[in-house]
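Listed below are the residues making up each chain.
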Amino acid sequence: MSVAAQALSPPSRTLMFLEGRAISELGAFLGALPLLSLAPKGDGHPVLVLPGLVASDTSTRPLRSFLKSRGYAVSGWRQGRNLGLRHGVQNAMVDLVQELNDTHGRKVSLVGWSLGGLYARQLAKMMPDRVRSVITLGSPFASGPKATNAWRVYEMASGRSADEEDNRFGGSLAGTPPVPTTAIFSRTDGVCAWQGCMEQSTATSESIEIESSHCGMGHHPAAVYAVADRLAQAEGEWSPFDRSGWRSLVYPNPHR
């Protein structure tokens, strides 16, 4: 882990307090559904959506329902609350990716919110022959665990040290997956330091910035549209997110 990653501080108490925005962001999502219906439709490939820390498939239901309406074969992670990488969790996720891949005969796209995004990245590194793309939402893969306001919750929920990395689960968290990868982040994230949620720009990886809370990112209209846009790309024909036209008003240049 780099010195810069270690030095990152968690978001301020003010930003943490503003996480209450997540409720209004859900209302904004419901109100924006007519506009979101203009997002490109999918090709029917399987999409696995992974929830954040102490959250369950209930938290990702709005996003999953929307992606299903766009034509994807969408699945939740089916393991109840995400209490960290406890015994059996990794194997269950690997088995689910294999099941979705075998059932549909197509590679699986992985969408992960916060801790779920860390899982998505590691699964893609372990199973690049079965994974089509990865999209993370506020996932702190490029920072130390103490650069979040949730590390104590993680330790209580999982019974593991937040500093503990299991290199058997895909290796280093910061390493970019060997499949098309998009990291969606917000500078107003009240849980994770936004700098640690950005992906390096390469021929098949990018970052997309939105203005959102952490707890509302999975149903924020800008995030949902970006997820749909990224998933709709034809397999093997990935290109960076287009910020021209009206999108420039919603999606700032993340490297500004």
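The name an unreviewed UniProt entry gives the chain is Alpha/beta hydrolase fold, with Bradyrhizobium ottawaense as the organism.

*Asks:* Could you clarify how one ought to interpret unusual backbone geometry in this entry?
*Replies:* Excluding glycine, residues mostly carry a negative phi; peptide bonds, for their part, are mostly trans. Positive phi is not limited to glycine here, since Arg78 has a value of about 65°. Note on placement: Arg78 falls in the loop between strand S2 (73-75) and helix H6 (89-104). Unlike most non-glycine residues, Ser114 shows phi in positive territory, near 55°. With respect to the secondary-structure elements, Ser114 resides in the loop between strand S3 (108-113) and helix H7 (115-126).

*Asks:* In this structure, what is going on with the sheet that holds S3? I would like to understand it.
*Replies:* Paired through backbone hydrogen bonds, the strands of a sheet run either parallel or antiparallel to each other. The parallel open sheet is built from six strands, whose spatial order is S2-S1-S3-S4-S5-S6. One side of each edge strand has no neighbouring strand; the edge strands of this open sheet are S2 and strand S6 (205-210). Here the average twist between neighbouring strands, direction ignored, is 15°. Note: S3 against strand S4 (residues 131-137), six bridges, orientation parallel.

*Asks:* Any chance you could explain the UniProt feature "domain: AB hydrolase-1" (unreviewed entry) in the chain here in plain terms?
*Replies:* UniProt records the feature "domain: AB hydrolase-1" (unreviewed entry) for residues 92-151 in the present numbering. Annotated as 43% helix and 22% strand, the span residues 92-151 places its first and last C-alpha atoms 23 Å apart.

*Asks:* Could you clarify how one ought to interpret helix H3 (residues 21-31) in this entry?
*Replies:* In an α-helix, one turn spans 3.6 residues; hence positions three or four apart end up facing the same way. Restricting attention to buried positions, one finds in H3 the residues Ala22, Glu25 and Phe29. The buried residues of H3 occupy an angular sector of 55° when the element is viewed end-on, so they sit on one face. Exposed side chains of H3 directed beyond 90 degrees from the buried face belong to Ile23, Leu30 and Gly31. Its buried side turned inward, H3 meets helix H4 (33-36), helix H5 (61-69) and helix H9 (221-231).

*Asks:* Could you clarify how one ought to interpret helix H8 (residues 151-158) in this entry?
*Replies:* For H8, the set of buried residues is Trp151, Tyr154, Ala157 and Ser158. Buried residues of H8, viewed axially, fall in a sector of 125°; they line one side. Turned more than 90 degrees away from the buried face of H8 sit Arg152 and Met156, all of them exposed. Within two residues after H8, Gly159 carries a phi angle of roughly 75°, on the positive side.

*Asks:* So what exactly am I meant to see when it comes to the pattern of salt bridges here?
*Replies:* Where charged atoms from two side chains of opposite charge come close, those side chains can pair. Applying the stated criterion across every chain, the model contains 12 salt bridges. Across the salt bridge formed by Glu206 and Arg230, the nearest N and O atoms sit 3.0 Å from each other. Pair noted here: Glu206 is in strand S6 and Arg230 is in helix H9, with a separation of 24 residues, a long-range link. For the pair shown, Glu206 and Arg230 are each scored as buried. Several salt bridges share partner residues, and in doing so they unite Asp43, Arg106, Arg132 and Glu235 into one network.

*Asks:* What exactly am I supposed to notice about the nonpolar core here?
*Replies:* Within the largest apolar cluster, 30 residues are counted, with the highest numbers of intra-cluster contacts made by Met93 and Leu123. Those elements giving two or more residues to this core turn out to be strand S1 (46-50), H6, S3, H7, S4 and H8. The contacts of Leu123, once residues within four sequence positions are left out, are Leu50, Met93, Val94, Val97, Leu110, Val131 and Phe169. Residues Leu36, Val47, Val49 and Ala222 belong to the second largest nonpolar core, which totals 28 residues.

*Asks:* Even after reading the chapter, I still don't get the side chain of Ser114, so can you show me in this structure?
*Replies:* Among the residues examined, Ser114 registers a relative accessible area of 9% and is labelled buried. A polar side-chain atom of Ser114 sits 2.9 Å from a polar atom in the side chain of His214. If near-sequence neighbours (up to four positions away) are discounted, Ser114 is found in contact with Gly52, Leu137, Gly138, Ser139, Pro140 and His214.

*Asks:* Sorry, what's going on with the environment of Pro177 here?
*Replies:* With respect to the helices and strands, Pro177 occurs in the loop between H8 and strand S5 (181-186). Expressed as a C-alpha distance, the spacing of Pro177 and Lys125, which sit 52 residues apart in the sequence, is 5.3 Å.

*Asks:* Could you clarify how one ought to interpret the packing of aromatic side chains in this entry?
*Replies:* Describing an aromatic ring pair means giving the distance of the ring centres and the angle of the ring planes. Enumeration over the complete set of coordinates arrives at five aromatic pairs. Three or more aromatic residues link up through ring pairs in this structure, and these residues are Trp77, Tyr119 and Phe169. The aromatic ring of Phe141 is capped on one face by Arg121, whose charged end is 3.6 Å from the ring centroid.

Parameters and conventions
Residues numbered from 1 in each chain as written. Predicted model: local features only at pLDDT ≥ 70, side-chain atom pairs only at ≥ 80, totals over all residues. Heavy atoms only, no water. Helix = DSSP H or I, 4+ residues; strand = E, 2+ residues; numbered from the N terminus. Pairing = 2+ DSSP bridges. Axes fitted to C-alpha atoms, helices over the stretch in contact; angles between N-to-C directions. UniProt positions renumbered as here; feature names shortened; annotations may be inferred. Buried < 20%, exposed > 50% of the residue type's maximum accessible area, 1.4 Å probe, protein only. Arc of directions from axis to C-beta. Contact = heavy atoms within 4.5 Å. Salt bridge = Lys/Arg side-chain N within 4 Å of Asp/Glu carboxyl O. Core = buried A, V, L, I, M, F, W, Y, C linked by side-chain atoms within 4.5 Å. Polar contact = N/O pair within 3.5 Å; in protein donor to acceptor, adjacent residues only side chain to side chain. Phe/Tyr/Trp six-rings, centres within 6.5 Å; stacked < 30°, edge-to-face > 60°. Lys NZ or Arg CZ within 6 Å of the ring centre and 35° of its normal.

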